[in-house]
2 protein chains.
Amino acid sequence: MFEIVAEKGRARAGIIKVGNVTLETPAFLPVATKACIKTITPSEAKEVGCKAIIVNALHIYRRAYEIVCEKGLHEFMKWDGIIFTDSGGFQSIKKFPAFVSDDGVIFKMPDGREEIFAPEKSIEVQRNIGSDFFFALDDCPSYPYTRERVEKAVERTIKWAESCQGGNVFVILQGGTYEDLRLKCIEGVSSMNFFGYAIGGLCIGEPKEEMHRMVDITTRALPKEKPRHLMGVGSPEDIIECVKMGIDIFDSAFPTRNARHATIFTSRGKINLGKRKVKGDVIDEACNCYTCRNFSLDYLNYLFKEKEPLAMRLATIHNLKFINDLMDRLRKEIMEG
Amino acid sequence: MFEIVAEKGRARAGIIKVGNVTLETPAFLPVATKACIKTITPSEAKEVGCKAIIVNALHIYRRAYEIVCEKGLHEFMKWDGIIFTDSGGFQSIKKFPAFVSDDGVIFKMPDGREEIFAPEKSIEVQRNIGSDFFFALDDCPSYPYTRERVEKAVERTIKWAESCQGGNVFVILQGGTYEDLRLKCIEGVSSMNFFGYAIGGLCIGEPKEEMHRMVDITTRALPKEKPRHLMGVGSPEDIIECVKMGIDIFDSAFPTRNARHATIFTSRGKINLGKRKVKGDVIDEACNCYTCRNFSLDYLNYLFKEKEPLAMRLATIHNLKFINDLMDRLRKEIMEG
């Protein structure tokens, strides 16, 4: 169940309740592609306010399916929060030859055997590993794409969606940067039974204004009462803009990847660490994360200069807290009208 | 002050008290070369029982001297335990051209300027950064070495020791695998004023029996009442053997480096992780570290397979707990006679 508890303009504060699971929105999901948020533990993720994460079902299927089916994903990775799973992202896995056909994603198992993730198979795997929220299989062309390629993607995505329907499934909307194809995709899945809508195929290289324009027309076209997930969006500025347009849930590697590459978000802007010119005691006066409570900016900067692995972890903790604090603030602002 | 509180054969249980500092021996010091135990925080180090660490003063001097002089090393790295500092290890720093002359270690600063660590300078730096225990500058030839080179090293080490004397300084003994040179080095520093003796120049490639033989003859020749530090030794088996021969303190990158290379110590022996054949729930039934309490062997093994950075950290926590538990057990056995 998804309930909108407050609105401000087109922005919404909501609550998702399914079984024991409760998630207040707007919410940000850190990426735990391989059943691990890079560099941090589940308890650290909790401490910085993460309630839900997103794991890649295709990865788990290829690398740890048997054990995860047996134990369940929550128990395997010791995460008792909410788990979303998708089957995308295979484009970005190195040494992983995969391509999309009319029938699904064709890929190689580690032993060289070829397999296909048909839409039904994708859902079956997400169910078997014990995920809380699933994403329907979609065809997401890499950018730059031709209109023809995106037309094909929309066609496949609608067709696949049919066999992915279910009470805890988000359908992924494609359509590239073509307004008419975006609307066509929404129309094509509108009569199907899904928990919510996910906007896919954005933030993959297209101009930022195009991304915003697509989010804008999509959120205007979607039914109000279902949750809206924007895939791959994670910069603080983009999150703020997209919440204003009515997005409820985000997932992205942006905060964690930036942290590993020595960029932290602070209340006085981004700081690139590992540089001689960075100096100071307090990392972010507005933050009370473990990193800010315990270490100085000088030391964190020094750890990055020295390429000490602890640096990435301390920055990841901070960036996730920063984003979660932002989500809390946005929710509060909407609640207060 | 160093007090021997119990003996069993040649093994000793002791206590070091200097100012506020108390360290029970036998003790193991993890290596925090660059003012950071790789992958873990000071609070994690404490939690696994670390009381003291060893930092490289030469590294700090080259990379963060100004700020560390200002704040003190404890405050800079947020470690309120004991800090030992040495000035060795420059042989192993890549992209760091350094060599030893009669006057000290000659090296380049990051800006290309050449500097020399004379023995007095080495002590001055260790004092300025606020270390608790210092090591005198020594000349440690890399293995394999000629007898002539080791003779030279012993000569220099004795000469340098003269100007390094002090109430919290350990003098480092050289002599390679030559019994007579080892004894000559001990004799050469015997009338000087030091807190304790450190055995250097071992575990650098010589056969293991030679290492044991040198520790044996050295501990027999040293005065009983001063603490003995064995540099670079850190495998569980070597620690046990060397405690039996009367070593009180060890420092080594062995447990932490092994952890980062996917080898963990357990009560049922070493396990190499990241392998398909490793399976099981409990990591080490005899261990109650954070890693063993929270994660399964299957998951830790999987994290290494996937090269997830969290793996190294979880293994580091476990290996340090394993070594510290071993030290506690050894101390207890000596105390119980």
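Thresholds applied
- Residues numbered from 1 in each chain as written.
- Chains lettered and ligands numbered in written order.
- Predicted model: local features only at pLDDT ≥ 70, side-chain atom pairs only at ≥ 80, totals over all residues.
- Contact = placed C-beta atoms within 7 Å.
- Helix = DSSP H or I, 4+ residues; strand = E, 2+ residues; numbered from the N terminus.
- Nonpolar A, V, L, I, M, F, W, Y, C, P; charged D, E, K, R; others polar.
- Least-squares fit on C-alpha atoms with pLDDT ≥ 70 in both.
- Buried ≥ 20, exposed ≤ 12 C-beta atoms within 10 Å, placed from the backbone.
- Pairing = 2+ DSSP bridges.
- Right-handed = clockwise from strand over helix to strand, strands pointing away.

*Asks:* Explain the interface of chain A and chain B to me, using residue names and the numbers behind them.
*Replies:* Each partner contributes residues to the interface: chain A has 23 residues there, and chain B has 23 residues. Every element with two or more residues in the side of chain A that touches chain B is listed here: α2 (57-71), α3 (73-77), α11 (297-305) and α12 (309-335) of chain A. At 4 residues, α11(A) tops the list of elements feeding residues into the side of chain A that touches chain B. Class assignment for the residues of the side of chain A that touches chain B results in 13 nonpolar, 3 polar and 7 charged.

*Asks:* So what's going on with the relation of the copies chain A and chain B? Residues and values would help.
*Replies:* Turning chain A through 180° and shifting it by 0.0 Å along the axis lays it on chain B, with an RMSD of 0.0 Å. Such a combination of turn and shift is consistent with a two-fold rotation axis. Taking C-alpha positions as the reference, the residue of chain A nearest the rotation axis is P309(A), at 4.1 Å.

*Asks:* Tell me about the environment of Y299(B), residues and numbers included.
*Replies:* Looking at where Y299(B) falls in the secondary structure, it is placed in helix α12 (residues 297-305). Here Y299(B) falls in the buried class, since 27 other C-beta atoms lie within 10 Å of it. Once residues lying within four places of it in the same chain are set aside, the contact partners of Y299(B) are F76(A) and M77(A).

*Asks:* Outline the pairing of strand β13 (residues 228-231) of chain A, supporting the account with residue identities and numerical values.
*Replies:* All names here are of chain A. Residues R228 and L230 line one face of β13 and the alternating positions H229 and M231 line the opposite face, and both faces are buried. With 3 bridges connecting them, strand β12 (residues 194-199) and β13 associate as parallel partners. The partner of I199 across the bridge, within β13, is L230. Traced from β12 through helix α7 (residues 208-221) to β13, the parallel crossover comes out right-handed. Bridge count for β13 against strand β14 (residues 249-252) is 3 bridges, and the pairing is parallel. Its bridge partner lying in β14, H229 is registered against I249. The handedness of the β13 to β14 crossover, carried by helix α8 (residues 236-244), is right-handed.

Shape descriptors only; they carry no functional weight alone.
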